[in-house]
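Residues per chain are reported as follows:
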Amino acid sequence: MASGPLDGVRIVEFAGIGPGPFCGMLLSDMGADVIRIDRPGDGKPGRAADVMSRGRRSISLNLKDPADVETALKLMEKADGLIEGFRPGVMERNGLGPDVVLARNPKLVYGRMTGWGQYGSLSQAAGHDLNYISLTGALYAMGRKGERPSPPLNLVGDYGGGALYLAMGLLAGIVNVKNGGKGQVIDVAMTDGAASLATMFFGMKAMGVWTDDRESNLLDGGAHFYDTYECSDGQWVSIGSIEPQFYALLLEKAEITDPEFKSQMDRSKWGDLKAKLTAMFKTKTRDQWCEIMEGTDICFAPVLSMAEAPNHPHNAERKTFVEVEGVMQPAPAPRFSGTPAEIQRRPAGLGEHTEEILRDWQVSR
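For every chain, the first residue of its written sequence is number 1, and the numbers climb from 1 along that sequence. A pLDDT threshold of at least 70 governs which residues receive local features in this predicted model, and a stricter bar of 80 or more applies before side-chain atom pairs are shown or counted, although totals over entire chains, interfaces and linings include all residues. Each side-chain value is worked out from all heavy atoms of the structure, with water and hydrogens disregarded.

Tell me what's going on with the overall build of the protein, and back it up with residues and numbers.
To qualify as a helix, a DSSP run of H or I must reach at least 4 residues; to qualify as a strand, a run of E must reach at least 2; elements of each kind are numbered from the N terminus. Helix and strand counts for the protein stand at 13 helices and 11 strands. If you line up the protein on its principal axes, its C-alpha atoms span 75 × 45 × 40 Å. Burial classes follow relative accessibility: with a 1.4 Å probe on protein chains only, a residue under 20% of its type's maximum area counts as buried, one over 50% as exposed, and anything between as partly exposed. Considering the protein as a whole, with its 365 residues, one finds that 46% of them fall into the buried category. Across the protein, contacts joining residues at least 24 apart in sequence account for 65% of those joining residues at least 6 apart. Per-residue and other accessible areas were derived by the Shrake-Rupley procedure at a 1.4 Å probe size, with only the shown protein chains allowed to occlude residues. Split by element, the accessible area of the protein, about 18500 Å² in all, is 56% carbon and sulfur. We score Asp and Glu as negative and Lys and Arg as positive, and we do not count His or the chain ends. Note that the charge is assigned to NZ on lysines, CZ on arginines, CG on aspartates and CD on glutamates. For the protein, the distance from the average position of its 39 positive side-chain charges to the average position of its 47 negative side-chain charges is 4 Å. Contacts are residue-level and defined by heavy atoms, with any inter-residue pair within 4.5 Å sufficient.

A description of the sheet that holds strand β6 (residues 184–189) should follow, citing residues and the corresponding values.
The strand order across the open sheet formed by six strands is β3-β2-β1-β4-β5-β6, and the pairing between neighbours is parallel. The sheet terminates laterally at β3 (57–60) and β6, the two strands that pair on one side only. Direction aside, neighbouring strands of the sheet carry axes that sit 20 degrees apart on average. Only when DSSP finds a minimum of two bridges between them are two strands counted as paired. Where strand β5 (residues 109–114) lies against β6, six bridges are found, and the strand directions are parallel. Residue pairing across strands places Thr-114 opposite Ala-189, the latter belonging to β6. Every axis in this analysis is a line fitted to C-alpha atoms, fitted for helices over the stretch in contact. Angles between the N-to-C directions lie between 0 and 180 degrees.

Describe the pattern of salt bridges, listing the residues and the values that go with them.
Salt bridges are defined by distance alone: a side-chain nitrogen of Lys or Arg within 4 Å of a carboxyl oxygen of Asp or Glu. Considering all chains together, one arrives at 22 salt bridges under this definition. Asp-33 is the partner of Arg-57 in a salt bridge, and the nearest nitrogen-oxygen pair spans 3.2 Å. With Arg-57 in strand β3 and Asp-33 in strand β2 (residues 33–38), this pair connects stretches of sequence that are 24 residues apart. Among the ionic pairs, Arg-346 bridges to Glu-325, the shortest N-O distance being 3.0 Å. Of this pair, Arg-346 sits in the loop between β11 (327–330) and α13 (354–360) while Glu-325 is found in the loop between β10 (321–324) and β11, placing the two residues 21 residues apart along the sequence. In this structure, a network of salt bridges that share partners links the residues Asp-33, Arg-57, Glu-356, Arg-359 and Asp-360.

I'd like a rundown of the packing of aromatic side chains, residues and numbers included.
Only Phe, Tyr and Trp rings take part, Trp by its six-membered ring, and two of them pair if their centres are within 6.5 Å. Stacked means planes under 30 degrees apart, edge-to-face means over 60, and tilted covers everything else. Counted under the stated rule, the structure contains eight aromatic pairs. Their ring planes at 90 degrees and their centres at 5.8 Å tell us that Phe-225 and Trp-270 sit as a pair that is edge-to-face. Linking Phe-225 in the loop between α8 (199–206) and β7 (226–230) with Trp-270 in helix α10 (residues 270–281), this pair joins segments that are 45 residues apart in sequence. With relative accessibility at 0%, the residue Phe-225 sits in the buried group.

Explain the pairing of β2 to me, using residue names and the numbers behind them.
Of all six residues in β2, six are buried, a share of seventy percent or more. Of the two faces of β2, both are covered, the one formed by Asp-33, Ile-35 and Ile-37 as well as the one formed by Val-34, Arg-36 and Asp-38. Pairing analysis gives five bridges linking strand β1 (residues 10–14) to β2, with the strands arranged parallel. In the strand pairing of β2, Val-12 is matched with Ile-35.

Could you give me a rundown of the layout of surface pockets, with the residues and numbers involved?
Site definitions follow a grid-based scheme: protein atoms alone, a 1 Å grid, a 1.4 Å probe that fits but cannot get out for cavities, and for pockets an open set with protein on both sides within 12 Å along at least five of seven lines, plus lining residues having an atom within 4 Å of a point. Grid points are joined across faces, edges and corners, and a volume is the space filled by probe spheres set on the points. Its boundaries defined by the atoms lining it, the largest pocket holds a volume of some 910 Å³. Along its surface, the largest pocket is lined by 27 residues, and Phe-22, Met-25, Leu-155, Phe-321 and Pro-330 are the ones closest to its centre. If you list the elements that add at least two residues to the lining of the largest pocket, you get α1 (19–29), α6 (155–178) and β11. Amino acids outside the nonpolar list (Ala, Val, Leu, Ile, Met, Phe, Trp, Tyr, Cys, Pro) and the charged list (Asp, Glu, Lys, Arg) are all regarded as polar, and Gly is one of them. Looking at the lining of the largest pocket residue by residue, the classes come out as 23 nonpolar, two polar and two charged.

Give me the lowdown on unusual backbone geometry, citing residues and values where you can.
Across the junction of Ala-333 and Pro-334, the peptide omega takes the value 0 degrees, indicating a cis bond. The topology assignment puts Pro-334 in the loop between β11 and α13. We note that Glu-215 has phi near 55 degrees; this positive angle belongs to a residue other than glycine. Topologically, Glu-215 is positioned in the loop between α8 and β7. The backbone of Cys-299 sits at a positive phi, close to 75 degrees, despite the residue not being glycine. Considering the arrangement of structural elements, one finds Cys-299 in the loop between α11 (286–293) and β9 (300–303).

Residue-level account of the state of the cysteines, with values.
By convention in this document, the label disulfide applies to cysteine sulfur atom pairs within 2.5 Å. In the structure shown here, the tally under the stated rule is zero disulfides. Of all cysteine sulfurs in the structure, the one in Cys-290 sits closest to Cys-231, which takes part in no disulfide; the separation is 7.7 Å. Here Cys-231 falls in the buried class, since its relative accessible area comes to 3%.

Can you lay out empty space enclosed by the protein for me, pointing to particular residues and giving the numbers?
Under the definition given, this model contains one cavity of 30 Å³ or more. Approximately 50 Å³ is the volume found for the largest cavity. Surrounding the largest cavity, Ala-48, Arg-54, Val-324, Glu-325, Gln-329, Ile-343, Arg-345, Arg-346 and Pro-347 form its lining. Partitioned by chemical class, the residues of the lining of the largest cavity number four nonpolar, one polar and four charged.

Laid out in structure tokens, this is it:
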């Protein structure tokens, strides 16, 4: 059933929450055969709305049972990569640590997903996305002047700094093996990934063009030409007219003739100019501003809700969202011209494919 650029790649995913399952979904969407090892459950079918669990098959194994641990090891002998998101030491205590597994499959890429990493003074502490991005300086930079830092959902730590770095690390390791290298452990910490995502801002700070004062910088809402604005109907629009030609078009389309706006990069005027734009955008509805600005080089977009986003013409034309069993969800990304990615199957119930997986992977129990 698989298709996509990862067709033929086999991944074992230990059931978890957050970034591990999201990584498994990404790899499955791109054609990998990802099997999820679940703890014994009630065997009920998976819920269609559990979209992050799409694409994988589920096998039920009790990792406190030596026989099931042996079955897990046999599966890992046949795999190219592994995903686990337990605290450091848990897999070792279950007899499934890297030393044991790599001795049985020297070509396996062993992906470990944690918040703090496999070592360090916080490595054994509990935490969540908000804590991980707090430690890296990323969260401090987000929010309005004089207000508390704003949680950016869990996109920066769990998914940007976690799942995507895990997917990249696993695929890099698998490529290395296919080029003659050995299997290895990929230590993915969300603190490392979130810090890496902030590279540009650390560079800007080093160059003296970024400060720790929120809403005072080019890309944090400090600039009047890079922010969101409320419209007369209570809806919002976003503009990002950074480049001079885009900024000039903003002034033209908005019919702004105030000479103060010519000083685009004069930070001392940003506050006053933002106040003027705030008043201007409240003179029309979001749809009216879309008629004037959308599709131009202003760098403009309406701020859409999750209910609205799938129906926007651009998203509809690209099929950015798809409906599966009545559930609207983001489609697989990115897009491949020759080996298209696709959702392989509905979310699996716990242990739903146990016998099927053992048969397909030729593993005896």
